[in-house]
Amino acid sequence: MTATISTTSVTPTRRRRRSARLSPLLVAFVLVPFLVESIWVFWPALQGFWFSLTRWDGMSPPAFVGADNYVELAGDATFRGALVNTVIWLVLFGGLSVLGGFGMALVLQKERRGVGFYRAALFTPVVFSLVVTALVWRVFYQPDGIADTLLRAVGLEQLIRPWLADPQTALYAVILPALWRQIGYVMVLFLAGLKAIDPALHEAARMDGANSWQRLRHVTIPQLKGVNAVVLSVIVIDSLRSFDIVWSLTKGGPYHSSELLSTYMYSTAFQSLRLGYASAIAVVIFVLALAVILGYLVRAFREEA
Amino acid sequence: MSDFDPGRRRFLGHLGLAGLGALGAGSLLSACASSASGPTTGNGSGAVTIQSNLSSPQAKAAMEKLIESFNAQGKGTASLNTVASETFRTQLPTYLTSANPPDLYTWYAGSVANDYASRNLLLDVSDVWKSLGDYPQSLWTLSTDGSGKQVFVPMNNYWWGFFYRKSNFAKWGVQEPKTWTDFLALCETLKSKGVPPIGIGLGDTPWVASAWFDYLNIRINGAPFHRELLAGKQRFDDPRVKAVFTRWREALPYFDPKGKAYPFQEATTALLAGKTGMFLIGTFFADAAPKDALGDLDFFRFPIIDPAVPLAEEAPTDGFFASAKTANPTGTKALLTYLSSVEAQEAYVKASSGIVLPANPKARASDSPLVVKGKAMLDEAKELTQFFNRDSSDALQPTADTALTKFIDKPDQIDAILREWQAAAEKVFKG
């Protein structure tokens, strides 16, 4: 199947390349966005690398300090904590939103009466801005709030604690609302993927006597490969740039216990006014995102080859 | 369609130009800043733009009224631009360093203003001060930068204290304490009555804890040591700083445990509802208090710990400074002169929530008993301090937030906390 596709697709490309002169309009469509992009995206990104090698308070001119910022990062306990928290965030937030989103998509894929309502209900949190989400959840977590009332109702009042102010629970208390929102989003991606699976495949598997678990394992999941790549990229990027919900719920506190790399970068830059050091953190985030995404893409391509 | 085409080309042309401009300026940040800095005056006679962070409804309305009456006088025109506080705080350095900055800013006196002044970003307003001869010496000193010129014009100040409801204190049968021993005894009494004695709100506003640090430090070690510490001339792991926490620890069992989880606004609600006994806070908390509760509020000064230490109080001063790059220094100074006048300050005090003291000594403050008592307390003080971030810098504040919330949670780890605080502070001072 793949072989036929590649041979048929190669010939027309070759023919086109030989015959067509590049239309100026086409060149403009490539070059103009590239120019705009290079001014508004690539240039600041490169500048960020430069700033990470300087000491800069945002007012005086930046002073070149070489790798000092990176050396300091290596010994910075808050940075290490933020890095660990980001990994926890990646695993818990990423993993659970994939599992939850996939589970919900499986449950809600069949067209039944009222299924639209449930899909809409699960998707609703995605519509709210994260800051609004944070406000809602803050009411939930506040002392004597809904969370505490619920626990008291089921006789678990010994568990009650200041959820967002306890360093033991703050990070997890923030992951929950982030998940609450992300699951609906991931569900929609998977629903689209599930819809694209040819029902004949399931039909054939059923004829061969595959039970529903085997059909899920050997038909559905392999067929979702394309969607998985999208979901993974979305999750990794969303995890590494998660900021707004943490900032609006805890600001990385109490004493850095729910600090992520992104919140640490922000507070270093705009509260402590150490823009050079913050740029170094930003570079680390960038490298991490690139490593995870590239790592996955390389593996994915190797599997296809 | 043919109409559309040149328009689009012109649009793209603009984009290209903007881009070149950005490259020319050498930094995209500064280019963004200059385009974000709002209306520009251009020539020397244009309207003075005043960038204000007074965004609470009453204060905003009060400022609008002031600008209106200034414009009506015909000595110049001004336009007010109110920005949310947090945005203002993070944008202020960008405003001041941009090529075409707003002319006048609401902000704080003391070390924050001096820091900008030392970078030559603030306008010399010594001319304005010539007409402010009757302002108290303390405010004059506060408004003078390291090189001896005035860079700040104060509008008003307010005070911090232990606020409580008179009716509740009467109900519990307790009196205002004068000394630390009295204070701890009062806490014990309230605790025995089932009331968390000391309210606090660290949830979203961990900086409230800095008031405790400031006050304990100026009561135990005195205001000069406090200022030196915040200026980086003393160390946070000094035994004298540890003494502050030893005292604080005596009061820790009396703090409202829920205070860790909610912001100071909710701690205010808790105090007004009688769910906590008292609350160390600045008068601004009353902005959120219902008017009928105001009459029932009273406060006492932070208890005396060592009678030998000269009395100091926290009295953060708010006011204005102007950009050194203003295109219209004459108009800006005219507006500053107006804002420092008796008329303007009385109008502001009347229109705002009212628990502030005008900087102009001739201006009448509100004559509520609370304000009279507050003014008397500040007049009695030998020294005035501002507040942690105003005596040090906004950049140092997060280090205090971390150290102090951690101490409240884990007082046993105080030695480690102070070491970490010193390390974090050194980084800030280093830049």
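This one's a predicted model, so the numbers in the text were calculated from it and none came from an experiment.

Visitor: Quick rundown of the packing of aromatic side chains? Include the residues and the values.
Guide: Given two aromatic rings, one states the distance between the centres and the angle between the planes to describe the pair. The full count for this structure, using the stated rule, is 55 aromatic pairs over all chains. Considering the side-chain rings of B:F88 and B:Y95, the 6.0 Å spacing of their centres and the 70° angle between planes classify their relative orientation as edge-to-face. Residue classification places B:Y95 among the buried residues on the basis of a relative accessible area of 6%. It is A:R274 that lies over the ring of A:Y277; its NZ or CZ is 4.5 Å from the centre. Of note, B:K373 hangs over the ring of B:F299, and the distance from its end group to the ring centre comes to 5.1 Å.

Visitor: Got a sec to walk through helix 3 (residues 57-73) of chain B? Specific residues and values, please.
Guide: All names here are of chain B. The terminal C-alpha atoms of helix 3 lie 25 Å apart, and with 17 residues this matches the ideal 24 Å at 1.5 Å per residue to within 8%. Residues of helix 3 that are buried: A59, A62, M63, L66, I67 and F70. For helix 3, the buried positions fall inside an angular range of 135° around the axis, keeping them on one side. Facing away from the buried side of helix 3, by more than 90 degrees, are the exposed residues P57, K65, E68 and A72. As for helix 3, its buried residues are in contact with strand 1 (48-52), strand 2 (78-82), strand 4 (153-157), strand 10 (317-322), helix 15 (329-339) and helix 16 (342-351). Following helix 3 by one or two positions, G74 has its phi on the positive side, about 80°.

Visitor: How would you sum up the UniProt feature "transmembrane region" (unreviewed entry) in chain A? Please name residues and give values.
Guide: Residue and element names in this part refer to chain A. Following the UniProt record, the feature "transmembrane region" (unreviewed entry) maps to residues 22-43, 87-108, 120-140, 170-192 and 275-298 here. Helix makes up 91% of residues 22-43 and strand 0%. Its end C-alpha atoms lie 28 Å apart. In residues 170-192, helix accounts for 100% and strand for 0%; the two terminal C-alpha atoms are 34 Å from one another.

Visitor: Just give me the short version of the confidence of the model for chain A, but keep the residues and values in it.
Guide: Confidence along chain A averages 83 in pLDDT terms, with 93% of residues attaining 70 or more. Ranking the helices and strands of chain A by mean pLDDT puts helix 4 (residues 77-108) of chain A first, with 90, and helix 1 (residues 2-19) of chain A last, with 46.

Visitor: Residue-level account of the interface of chain A and chain B, with values.
Guide: It is common to report an interface's size as the accessible area lost on association of the parts. Chain A puts 31 residues into the contact, and the matching count from chain B is 34 residues. Here chain A meets chain B over a buried area of about 3,000 Å², counting both sides, of which 61% is carbon and sulfur. Summed over the shared surface of chain A and chain B, the number is 6 salt bridges. For the salt bridge of B:D204 with A:R138, the shortest nitrogen-to-oxygen distance reads 3.2 Å. In this structure, the connection of chain A to chain B is made through 6 residue pairs in polar contact (both at pLDDT 80 or more). For the side of chain A that touches chain B, the element with the most residues is helix 2 (residues 24-51) of chain A, which contributes 7 residues. Of the residues contributing to the side of chain A that touches chain B, the split by class is 16 nonpolar, 7 polar and 8 charged.

Visitor: Mind laying out the environment of A:G66, listing which residues take part and the relevant values?
Guide: Residues and elements named next belong to chain A. If you trace the backbone, G66 turns up in the loop between strand 2 (63-64) and helix 3 (68-74). Taking C-alpha positions, G66 is 62 Å from A210, a pair spaced 144 residues apart along the chain. Leave out the neighbours within four places in its chain, and G66 touches S52 and L53.

Visitor: How would you sum up the UniProt feature "domain: ABC transmembrane type-1" (unreviewed entry) in chain A? Please name residues and give values.
Guide: Here the UniProt-annotated "domain: ABC transmembrane type-1" (unreviewed entry) positions come out as residues 83-298 of chain A. The span residues 83-298 of chain A carries 75% helix and 0% strand; its end-to-end C-alpha distance comes to 24 Å.

Visitor: Which residues make up the nonpolar core, and what are the values?
Guide: Within soluble globular proteins, side chains that are nonpolar generally end up buried alongside one another. Residue and element names in this part refer to chain B. Ranked by internal contacts, the top residues of the largest apolar core, which has 87 residues, are F183, W212, F213, F245, W248, M278 and W421. Ignoring anything within four residues of it in the chain, the contact list for W421 reads F213, F236, F245, F388, T399, A400, A403 and L404. The next biggest cluster of nonpolar side chains, apart from the first, holds 28 residues, and it includes L123, Y135, Y338 and L339.

Visitor: I'd love a proper account of the sheet that holds strand 3 (residues 104-108) of chain B, names of residues and values included.
Guide: Two pairing modes exist for strands in a sheet, parallel and antiparallel, and in both the strands are linked by backbone hydrogen bonds. Residue and element names in this part refer to chain B. The strand order across the open sheet built from 6 strands is 2-1-3-10-4-11, with neighbouring strands paired in mixed fashion. Edge strands, defined here as strands with exactly one partner in the open sheet, are strand 2 and strand 11 (357-358). Inspection of the sheet shows strand 1 paired to strand 2 by 5 bridges, in the parallel sense. Note on strand 2: the bridge partner recorded for S52 is T82. Relative to strand 3, helix 4 (residues 85-97) is tilted by about 130°, and along the sheet it contacts strand 1, strand 3 and strand 10. The sheet strands contacting helix 15 are strand 1, strand 2, strand 3, strand 4 and strand 10, and the helix crosses strand 1 at an angle near 55°.

Visitor: A description of the side chain of B:E314 should follow, citing residues and the corresponding values.
Guide: Residues and elements named next belong to chain B. By secondary structure assignment, the location of E314 is in strand 9 (residues 312-314). Here T385 takes part through its side chain, which lies 3.1 Å from a polar atom of the side chain of E314. For E314, the residues in contact, after removing those within four places along its chain, are Y158, W159, W160, A211, D214, Y215, L378, T385, Q386, F387 and D391.

Visitor: Explain empty space enclosed by the protein to me, using residue names and the numbers behind them.
Guide: For the structure shown, the criterion picks out 2 cavities of 30 Å³ or more. A volume near 90 Å³ is recorded for the largest cavity. Along the walls of the largest cavity sit A:R138, A:Y141, A:Q142, A:P143, A:P162, A:W163, A:L164, A:A165, B:A261, B:Y262, B:P263 and B:E266, which together make up its complete lining. Tallied by class, the residues present in the lining of the largest cavity amount to 9 nonpolar, 1 polar and 2 charged.

Visitor: Lay out unusual backbone geometry with the relevant residues and their values.
Guide: Despite not being glycine, A:K251 has its phi angle at roughly 55°, a positive value. Here A:K251 is to be found in the loop between helix 12 (244-249) and helix 13 (261-270). Even without being glycine, B:N120 reaches a positive phi, approximately 60°. Summarising the element assignment, B:N120 is placed in the loop between helix 5 (111-118) and helix 6 (126-130). Relative accessible area serves as the criterion here: at 60%, B:N120 is assigned to the exposed category.

Reading the values: rules and limits
Residues numbered from 1 in each chain as written. Chains lettered and ligands numbered in written order. Predicted model: local features only at pLDDT ≥ 70, side-chain atom pairs only at ≥ 80, totals over all residues. Heavy atoms only, no water. Phe/Tyr/Trp six-rings, centres within 6.5 Å; stacked < 30°, edge-to-face > 60°. Buried < 20%, exposed > 50% of the residue type's maximum accessible area, 1.4 Å probe, protein only. Lys NZ or Arg CZ within 6 Å of the ring centre and 35° of its normal. Helix = DSSP H or I, 4+ residues; strand = E, 2+ residues; numbered from the N terminus. Expected span 1.5 Å × (residues − 1). Arc of directions from axis to C-beta. Contact = heavy atoms within 4.5 Å. UniProt positions renumbered as here; feature names shortened; annotations may be inferred. pLDDT = per-residue confidence, 0-100. Buried area = accessible area lost by both parts, 1.4 Å probe. Salt bridge = Lys/Arg side-chain N within 4 Å of Asp/Glu carboxyl O. Polar contact = N/O pair within 3.5 Å; in protein donor to acceptor, adjacent residues only side chain to side chain. Nonpolar A, V, L, I, M, F, W, Y, C, P; charged D, E, K, R; others polar. Core = buried A, V, L, I, M, F, W, Y, C linked by side-chain atoms within 4.5 Å. Pairing = 2+ DSSP bridges. Axes fitted to C-alpha atoms, helices over the stretch in contact; angles between N-to-C directions. 1 Å grid on protein atoms, 1.4 Å probe; cavity = no way out; pocket = protein on both sides within 12 Å on 5 of 7 lines; lining within 4 Å. Points joined across faces, edges and corners; volume = space filled by probe spheres on them.

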